[in-house]
Amino acid sequence: MYFSVGWPDVLRPKDTDAGEPLFIKSCDSQSLFAVLTARSLYIWTSKPRVLAAVYTRCDASVTEHGLNCNMLWSAAGDRLAVLTSQNRLLFFNIEQGGNDVAFPADPNHGAVSSLSLTHTNLVPVPGEITCLGRIDGPCVVTRTEIRRYKWNASFMYGLKIPSPGRRDSLDGDEAAQERYVVAMDFHPLMRGIGLVFNTGEAAFWLNPAKNKTVLAWASGIEGACHVALNGKFKLMAVGTKCGKCQVYTLEEEVNKLQLSHTLFLASTDYPNLHLGASKCMAWSPDGFVLAMTWEGFGLAVWSCFGSLLYASVCNDHKLLPSWQLHCKLEIYSMTWLANGFQLLFLAQSTHENAPKTDGSIFQMKFVKSALTSNPCFSNQKHLVLHGDKQIFLQPGESILRTRVMPPLSSVASHASITSSSSFEQPDAAKSSELHFPVNLVIGPSSQRLSMSCPPDNLRGADIAPQQQSSQQPWHTLQVPEKYINSNWPLRYVAVSDSARHIAVAGMHGIAHCTVATQRWKVFGNVSQESNITVCGGLAWWRDMIVVPCHNFADESDEIRFYPQSSNLDNSNVALTLRVPCEIHLINLLDDCLTVVTVDKKLHLFGLRLDRAPGATASGGMIILHSMPELSLAPYLPHIDHLIALFPSEMAMEASSDDVSAAPTVLGRALPKSLVANVAGRVLVLSRDVVSRQKGGMPMAATVTPYCRPVALASSVEMVWSAAHSSSCRYLQQALWLGCGASGMKVWLPLFPSGDDPQPSFLSKRVMLTFPLRIYPLAICFEDAVVIGTAQSFKEISVNSSCSPSSQLFPFATMERSVQIYLHHILRSLLRRNAVVHCEEIAQSCSSLPYFAHVLELMLHEVLEEEAVKRPHDALLPAIIDFLKLFPQYLEVVGRCARKTEVALWRHLFANVGSPEELFAECLGHNQLEMAASYLIIIQSIEAPKVSRQHATRLLNSSLEQRLWPLAKDLVRFLRTIAASSEPATPTTPHAPPSLSSPTSAQHPHLTRTSSTDSSGATGQGEDMNFVGPVFTTGDIQSSREEYFIDVILARHARKMLADGNLRDLGSFSAYLEFPLKSWLTKERHRVCKVENFMACFQMIHTDFDWPLPISPMEFCLARGVSALDGSSTRDTSRNASSSSAEAPAASRSAAVLSAALDTQPWASLTSLISPHNLSAPSSAAGDGNSEFGGEDDSFCVEESSLSVMTDTLRGSHQSESELRYLMSLMLSAGCFDWSVLLATVLRDSASIHTILRVAREVSVNLTDADEKREALVMADRIMDGLSSLAKWAATRCEHFSPFLEGVMREWQAIVQLQAMYQISEESPSSTSDAQPGTASQSQESDARPTNVSVGSRGSSTSSDGSGGCVIS
């Protein structure tokens, strides 16, 4: 509501011998304020800030009558009374002077008329004066009576202070003690006097002129020393010597003071504070906030019902100088100014290093919510704050839209699984706090802050980033100087429903602005502007500004409708409605206008825009219809007690929902209810349809359409109601009450189900209460959150040249925050056994992205409360049963347990079940990440053996579901358990060779990382560095746990490869650091065989999203070319294939990939093949020794034409990088069938040629007969697979057949060459045994498809030893 901004300004009177100021006080109109010293009286103007008059007493007067002690203003602001130390009352008159005084600081304000301050009278007061007050005129309190005077210094009468009478709390000693008044305050709206006695008691004297005997005593108070009355909310604040302030509510009907709340700075938030006794207190002019200071130091501002809005006490060493943490800056006098936008105070510091404050006047600036002065519906939808000449706007619909609210799984993803017995526990207080910070700090940014500029120049809106949430800054609007200079300060602000336009009103006239362009419109005719003053607020109806005003020219009260699109001029007014007296409040709901006048009458008007021909500039003619007026006098003691009144669609009775029975205005039903806030009490007037239904006749025009009001709640500051329908009818029909320190209250309807009978009125609604950690400014009904602000401090570097206030006070900022309230409502309904209503509300809000977090907060709060107290009516079982209705149940319980102290787990799992049962349930529902959370819990409370069993189950499931990050954490978890537990028995050295031990190598990405130097040598990248022993058959023995981990990983790798899921296999290897190359080397003759080339070919295209080969017709259609142009495209491709620029690239690629082999044939391929070396474009032609270049021109043309297609229609770069990496990995492991298949998928002739050359090089180094036999089988298998692909291409893609035929010709030559090498190297004894195999091999070769033949180049290549390839 009120929020301080920046540092206080410092005013230093010049050219005066003021001395130390004693007292500061503003007049009721706040246009002037006076500063009193021991000898002088200074009068200042508020705007501009000018010292307008000075009166200094002479030495003789001071000697005779004493020094000045206190003062007070008259209600009109034209007279003052000063009390002296010699019990003299001096009277002064203030009159306008003839001379002008130039304003020294701001030339925009020009000259200001000086004031004449004259001493008129002096009155000696008999007796000992204890305090000074005002009851219409000045009154002096002595030990025995209250003496009242008129402003002409004549004595009126004396009021005898009543005796204690029926005070039963006094003992004998206190009763015998002389009692007299030491402090008093009077407020005309309360028709009484607040009194503080020397005994530390406080009382309220209601109607002292009539009631001369009975006082309303304040109960439960000790050491009272100050009193301040709030007439608007009928509150009496009493400051005490212990530093607290007790606030009482006056109940006039029974003449009783009821304790409302107590104000103090809690030791939990402000530890080690010793503030001393209360020094002074001051309510703001509108009564919404109370400022309080202490004798020690410090200033605090609370809302009228106890919300702490500002406290100057700061314990952060970063924000203040070191000496200031112990500095006692005593504020001993203060007053509000400029409608509450400024707080002036006098202070002194006793610290030796503190800046001197002698003679200084401090001015603290505030911004406040527009709802305090203009509680219209459009202001309830948006966040609107304004100062005396600037506005801060945040549209309500964009508050949450700009904020990233990820789902629960991404808000708090599973933590890295560790095996420590005690894992990190988040702060329980933070986890239970319903705080989604969306922090916006109003103030200057540190980059553009000028220390020489006063805080008056704060116009920016800085974002304080927190939790990396997306923010949208405030729209900061500066009211133009042309308007604000003559109409300062701002009194009313209203924003349109769409938040695109905003209207303001100062002392006279109005101005409005388009937010997007920040272009303002003001009255062109200054006399028209000065002739009206807005009273009762502003509102928007469609594109028109509704302006209630008093017309000084006609001395009439009117409601004007100004079109937004037209200039501000009386000739453009669309409608003028005259009302009988001054307007106090207006509001709008859709087309219903409510007007409350100062005679306590409520007027209802229906509005309609007729777009008939001859419409006005606004687009139509306004038709207005009036309903019978309603008198509020029986419920409203004084018109100023009416804080807000607005129409609402909240139905009080079931019959109120019947639109046919409701009275109408211009064809629209009247609002279902009227909600009024009268001095903090909420009254609801429901629509009267009962009498209409009974009579069966239309309602007469003179019948009041609303029933008598029903009192709902007290101590209410703000009221919100949904203006339009929302997704949840409960939230739409609810009434939201901001109750200060009591938090938020919700008057929630309980709709009956279809089978339930109609409930009574008392059972239809329930009042729920929940706490708030921010001050609420808006309610987002659709998002189930409260949006508000909280005061904070910002670190600003200061130096000695800065103003004293920057060194005495921290830099104040304001943060906007969002707080969830839904779980409080659900919990309260479950407490009342309203399960059906609770479930309906929860289901309507289940689509919210933070709904699971709402359930978690509800469980967490109840668990923390009941785990310690263990009440007999425990709510936790009901909460658990309710959570089971939602699919987020397991997730909510798991996250709540992770954020709760371990000591509370026993109570939690006694209600929800054991962690092992919940773990199994998570596995059954495929909620593996939540199962990981339960695994941590199991690991903390169970033996390692149990955790290992559950972790193994979860690892298998995560591998099956391809959750690689989770599987990686589980592998680390299992290995850590093995390392932290007792040493296990070493495994036998005869472990199966197919299992691998952990390796230190990592696979961070499936991308190419190798590099080639200038000489052509290849460098190994990270992805190929599998260092150390791979299989546990050497000296290093793995533990039993690691052995079984390797078994699990190998089994899943084998399954993925058998299914042809190469992409999953690559991701599996990269995330889990699985030694894929070494494993493939061992498995190359088992699971690494490609049994079905066609199926694997299609699987690769699907997994990597790689396009299948297409026909020329499909290619032409894809490129937007007709089928008749195919031949020309083919010719172009043929010419492109013969380009000499492409041949060197392919030759270089083939040369690099055919580098010399090491002595270990399979390990050496790591350096030969890498993703970098296999990255040649598929259109490369190859070198002169290749079957794909030179003499076979037909194949070259077809392959080049295919390359044109693949350049246009090929997969993503990431997919190609992954395919080439896997191709190099398979080749280095000796899996030539997979290498050939991947190269075929890539349609890369250069890679095919490289694979063939590598195969020939490897075959030379093979000496083992078994390996050669296996290589021959693999070669035949590859040939069969290529043959099946050729058959598919012949029917599905003829354009792909020449490429496959070229591959098959090359590979057929290798098969025959391999067979020849095997026969020549076998011994004579084994030659006869091998002949049948050879013959069979030849027969199988003859049985191959006729369209695949071995050319002469294949035979010649085999003869020179460069064409064969033996694969082992």
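Residues numbered from 1 in each chain as written. Predicted model: local features only at pLDDT ≥ 70, side-chain atom pairs only at ≥ 80, totals over all residues. Heavy atoms only, no water.

Draft legend 1. Quick look at the overall build of the chain. For the chain, the helix and strand inventory stands at 37 helices and 64 strands. The buried share of the chain, reckoned over its 1368 residues, is 57%. Long-range pairs, those at least 24 residues apart, make up 63% of the contacts in the chain between residues at least 6 apart in sequence. Carbon and sulfur atoms make up 50% of the accessible area of the chain, which amounts to about 55200 Å² in all. (Helix = DSSP H or I, 4+ residues; strand = E, 2+ residues; numbered from the N terminus. Buried < 20%, exposed > 50% of the residue type's maximum accessible area, 1.4 Å probe, protein only. Contact = heavy atoms within 4.5 Å. Areas by Shrake-Rupley, 256 points an atom, 1.4 Å probe, with all protein chains shown as cover.)

Draft legend 2. Just the sheet that holds strand 21 (residues 245–251), in detail. Taken in spatial order, the 4 strands make up an open sheet running 19-20-21-22, and their pairing is antiparallel. Of all the strands in the sheet, the pair left with one neighbour each is strand 19 (224–230) and strand 22 (256–263). Adjacent strand axes in the sheet meet at a mean angle of 25° when their direction is disregarded. Relative to strand 22, strand 21 runs antiparallel, the two being bridged by 7 bridges. Residue pairing across strands places Glu-251 opposite Lys-256, the latter belonging to strand 22. (Pairing = 2+ DSSP bridges. Axes fitted to C-alpha atoms, helices over the stretch in contact; angles between N-to-C directions.)

Draft legend 3. Broad picture of the sheet that holds strand 57 (residues 735–738). Taken together, the 4 strands give an open sheet; going across it, the order is 56-57-58-59, and neighbouring strands pair in antiparallel fashion. Lying at the two open borders of the sheet, with one neighbouring strand each, are strand 56 (718–721) and strand 59 (765–770). The average undirected angle you get between the axes of adjacent strands in this sheet is 20°. Examined bridge by bridge, strand 58 (residues 744–749) and strand 59 share 6 bridges and lie antiparallel to one another. Looking across to strand 59, one finds that Met-744 is bridged to Phe-770. Contacting strand 57, strand 58 and strand 59, helix 12 (residues 822–831) runs over the sheet at an angle of about 125° to strand 59.

Draft legend 4. A look at the packing of helix 32 (residues 1232–1242) against helix 34 (residues 1265–1292). Where helix 32 meets helix 34, the axes come as close as 9 Å, and the angle between the chain directions of the two elements is 25°. Judged by the angle between their axes, helix 32 and helix 34 are roughly parallel. Note that helix 32 runs across helix 34; the crossing there is right-handed. Residues Phe-1232, Asp-1233, Val-1236, Leu-1237 and Thr-1240 of helix 32 pack against Met-1274, Arg-1277, Ile-1278, Leu-1282 and Leu-1285 of helix 34. (Parallel < 35°, antiparallel > 145°, perpendicular 65-115°, else oblique. Left-handed = near helix turned anticlockwise from the far one by under 90°.)

Draft legend 5. Summary view of the packing of aromatic side chains. Considering all chains together, one arrives at 30 aromatic pairs under this definition. Taking the centre distance of 5.0 Å and the plane angle of 65° together, the rings of Tyr-55 and Phe-92 count as edge-to-face. Here Tyr-55, found in strand 6 (residues 50–56), pairs with Phe-92, found in strand 9 (residues 88–102); they are 37 residues apart in sequence, far enough to count as distant. Feature note: the residues Trp-736, Phe-770, Phe-781 and Tyr-821 constitute an aromatic cluster, connected by ring pairs. In this structure, Arg-765 packs its charged tip against the face of Trp-747, placed 4.6 Å from the ring centre. (Phe/Tyr/Trp six-rings, centres within 6.5 Å; stacked < 30°, edge-to-face > 60°. Lys NZ or Arg CZ within 6 Å of the ring centre and 35° of its normal.)

Draft legend 6. Broad picture of the pattern of salt bridges. Tallied over the full model, the rule gives 34 salt bridges. Salt-bridge contacts for Lys-234 lead to Glu-252; the nearest nitrogen and oxygen are separated by 3.8 Å. On the criterion of sequence distance, the pair formed by Lys-234 in the loop between strand 19 and strand 20 (235–240) and Glu-252 in the loop between strand 21 and strand 22 is long-range, its members being 18 residues apart. Just as Lys-234 is buried, Glu-252 falls in that class too. The residue Asp-286 makes a salt bridge to Lys-368 at a minimum N-O spacing of 3.5 Å. Placement of Asp-286 in the loop between strand 23 (278–283) and strand 24 (289–294) and of Lys-368 in strand 29 (residues 361–369) is noted, with a sequence separation of 82 residues between them. Accessibility expressed as a relative area gives 12% for Asp-286, which makes it buried. (Salt bridge = Lys/Arg side-chain N within 4 Å of Asp/Glu carboxyl O.)

Draft legend 7. Structural context of the environment of Gln-363. Position of Gln-363 relative to the elements: it lies in strand 29. Each C-alpha atom of the pair Gln-363 and Leu-11 lies 7.5 Å from the other, and the pair is 352 residues apart in sequence. Among the polar contacts listed, one links the side chain of Gln-363 to the side chain of Arg-49, at a separation of 2.3 Å. (Polar contact = N/O pair within 3.5 Å; in protein donor to acceptor, adjacent residues only side chain to side chain.)

Read these as geometric descriptors, not functional statements.
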